[in-house]
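# A structural walkthrough
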Amino acid sequence: MSIKLHTAEEIELARAAGHAAAKVLEIITPYVKPGVTTDELDAICHDYVVNVLKVIPANIGYHGYSKTTCTSVNHVVCHGIPGEKKLRDGDIVNIDVGIIKDGWYGDTSRMYYVGQPSVRAKRLVDITYESMVAGINVVKPGATLGDIGAAIQQVAEKAGFSVVREYCGHGVGEVYHGDPQILHYGTPGEGLELQAGMIFTIEPMINAGKAGTSVLSDGWTVVTKDRSLSAQWEHTIAVTETGFDLLTPWPEGTGAYQAI
């Protein structure tokens, strides 16, 4: 496993890319409402990425993918392809965006409510956010990948939810997906030891029902096997000498969500 340890100057380049990606998810927020299609949301994001930020949509052409974002609604775990289906009141949706700025990748995702969510849907979204924050907060030199996974798993399972096993966080920087692989479950003290200069995503996918997933015939869309709701949040993190640095902070602040 070859894991690059980035310099302070390189982390600043990664930060600029991360901030750009986070800005996309801020500007799309008011458009997420009943009656809009995920394709329309994707078009708005694409226009902002290309014509306002003037950066490159990382997902277009990636292993044949054709859209700027992944939009995963309700029981879709990840990699939902934007399309013509209209969002309905009560839906929950994850929008995941990747961009390339000056050769560096920015990668982040958020959950959105379409109208008024159910009590269970809101709890799932909240717990998934809390699990991500728990995983982020253990990041520091000397901690292990198992520490991150265990922190996420503890929060999710204590609430009665399950952690998706097949998909994980990843190293990111001058490559889109690299090492280390960041599992969202694990055992404290096990796995690779973190070092200052690592950059990676933490992006837990948490299901309201069982953890099992399957991939639809389009080869991309991942759904829960039991069709239970699924939620995901994603941030990109740099390991510093004393802890962590959040490279994809929300430009408008976290609002009602716990600050990181």
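Residues numbered from 1 in each chain as written. Predicted model: local features only at pLDDT ≥ 70, side-chain atom pairs only at ≥ 80, totals over all residues. Heavy atoms only, no water.

As a further point, take the overall build of the protein. Counting its secondary structure elements, the protein contains four helices and 15 strands. For the protein, whose C-alpha radius of gyration is 17 Å, the value lies close to the compact-globule estimate of 18 Å for 260 residues. A burial count over the protein gives 53% of its 260 residues as buried. (Helix = DSSP H or I, 4+ residues; strand = E, 2+ residues; numbered from the N terminus. Rg over C-alpha atoms; globule rule 2.2 N^0.38 Å. Buried < 20%, exposed > 50% of the residue type's maximum accessible area, 1.4 Å probe, protein only.)

Counted residue by residue, strand E2 (residues 69-73) has five buried out of five residues, so it is predominantly covered. Inspection of the sheet shows E2 paired to strand E4 (residues 92-101) by five bridges, in the antiparallel sense. Note on E4: the bridge partner recorded for serine 72 is asparagine 94. (Pairing = 2+ DSSP bridges.)

Attention now goes to the pairing of strand E14 (residues 235-239). In terms of residue burial, E14 counts as a mostly covered element, since five of its five residues are buried. Because side chains alternate across E14, one face comprises the buried residues His235, Ile237 and Val239, and the other comprises Thr236 and Ala238, equally buried. Alignment of E14 against strand E15 (residues 244-246), held across three bridges, turns out to be antiparallel. Looking at the pairing, isoleucine 237 lines up with leucine 246 of E15. Hairpin connection of E14 to E15: four residues between the antiparallel strands.

Another aspect to go through is the UniProt feature "binding site: a divalent metal cation 1" (unreviewed entry) in the protein. Here the UniProt-annotated "binding site: a divalent metal cation 1" (unreviewed entry) positions come out as Asp96, Asp107 and Glu234. Of the residues just listed, which span 139 residues, no C-alpha pair is farther apart than 8.0 Å, and they cluster in one region. Tracing the backbone through its elements, the reader meets aspartate 96 in strand E4. With residues near it in sequence (within four places) discarded, aspartate 96 still touches Asn59, Thr68, Thr69, Cys70, Asp107, Thr108, Ser109 and Glu234. Its location among the elements puts aspartate 107 in strand E5 (residues 104-113). (UniProt positions renumbered as here; feature names shortened; annotations may be inferred. Contact = heavy atoms within 4.5 Å.)

This part covers the packing of aromatic side chains. One pass over the structure, following the stated rule, counts nine aromatic pairs. Centre to centre, the rings of tyrosine 65 and tryptophan 220 are 4.9 Å apart; their planes meet at 70 degrees, and the pair counts as edge-to-face. Linking tyrosine 65 in the loop between strand E1 (56-57) and E2 with tryptophan 220 in the loop between strand E11 (213-215) and strand E12 (222-224), this pair joins segments that are 155 residues apart in sequence. Ring geometry for tyrosine 129 and tyrosine 257: centres 4.8 Å apart, planes at 45 degrees, overall tilted. With tyrosine 129 in helix H3 (residues 119-137) and tyrosine 257 in the segment after E15, this residue pair connects regions lying 128 residues apart in the sequence. Among the residues examined, tyrosine 129 registers a relative accessible area of 2% and is labelled buried. An aromatic cluster of three or more residues is present, and its members are Tyr129, Trp233, Trp250 and Tyr257. (Phe/Tyr/Trp six-rings, centres within 6.5 Å; stacked < 30°, edge-to-face > 60°.)

Moving on, we come to the UniProt feature "binding site: a divalent metal cation 2" (unreviewed entry) in the protein. With numbering aligned to this structure, UniProt lists the feature "binding site: a divalent metal cation 2" (unreviewed entry) at Asp107, His170, Glu203 and Glu234. Taken along the chain, the residues just named run across 128 residues; in space they keep tight, none of their C-alpha pairs more than 10.8 Å apart. Note on histidine 170: relative accessible area 4%, which makes it buried. Contacts of histidine 170, omitting those with residues within four sequence positions, involve Asp107, Tyr176, His177, Gly178, Pro180, Gln181, Ile182, Ile199, Phe200, Thr201, Glu203 and Glu234.

Taken in spatial order, the three strands line up as E3-E12-E11 in an open sheet, and their pairing is antiparallel. In the strand order of this sheet, the two ends are held by strand E3 (76-78) and E11, each with one partner. Pairs of neighbouring strands in the sheet enclose a mean axial angle of 40 degrees, with direction left out of account. (Axes fitted to C-alpha atoms, helices over the stretch in contact; angles between N-to-C directions.)

Within the secondary structure, aspartate 42 sits in helix H2 (residues 38-52). Although aspartate 42 is buried, it makes no salt bridge; lysine 67 carries the closest opposite charge, 4.9 Å away. Sequence-distant contacts of aspartate 42, that is, excluding residues within four places in its chain, are made with Lys67, Thr68, Thr69 and Pro82. (Lys, Arg positive; Asp, Glu negative; His and termini not counted. Salt bridge = Lys/Arg side-chain N within 4 Å of Asp/Glu carboxyl O.)

Looking now at the pattern of salt bridges. A pair can form between side chains of opposite charge whenever their charged atoms are brought close. This model, assessed by the stated rule, comprises eight salt bridges. Between lysine 23 and glutamate 26 there is a salt bridge; the shortest N-O distance is 2.6 Å. In this pair, lysine 23 and glutamate 26 both sit in helix H1 (residues 8-27), three residues apart, roughly one turn of the helix. On the basis of relative accessible area, lysine 23 is assigned to the partly exposed category, the value being 29%. You can call glutamate 26 buried: its relative accessible area is 19%. In this structure, aspartate 39 engages lysine 67 in a salt bridge whose closest nitrogen and oxygen atoms are separated by 2.8 Å. With aspartate 39 in helix H2 and lysine 67 in the loop between E1 and E2, the pair connects residues that are 28 residues apart, well separated along the chain.

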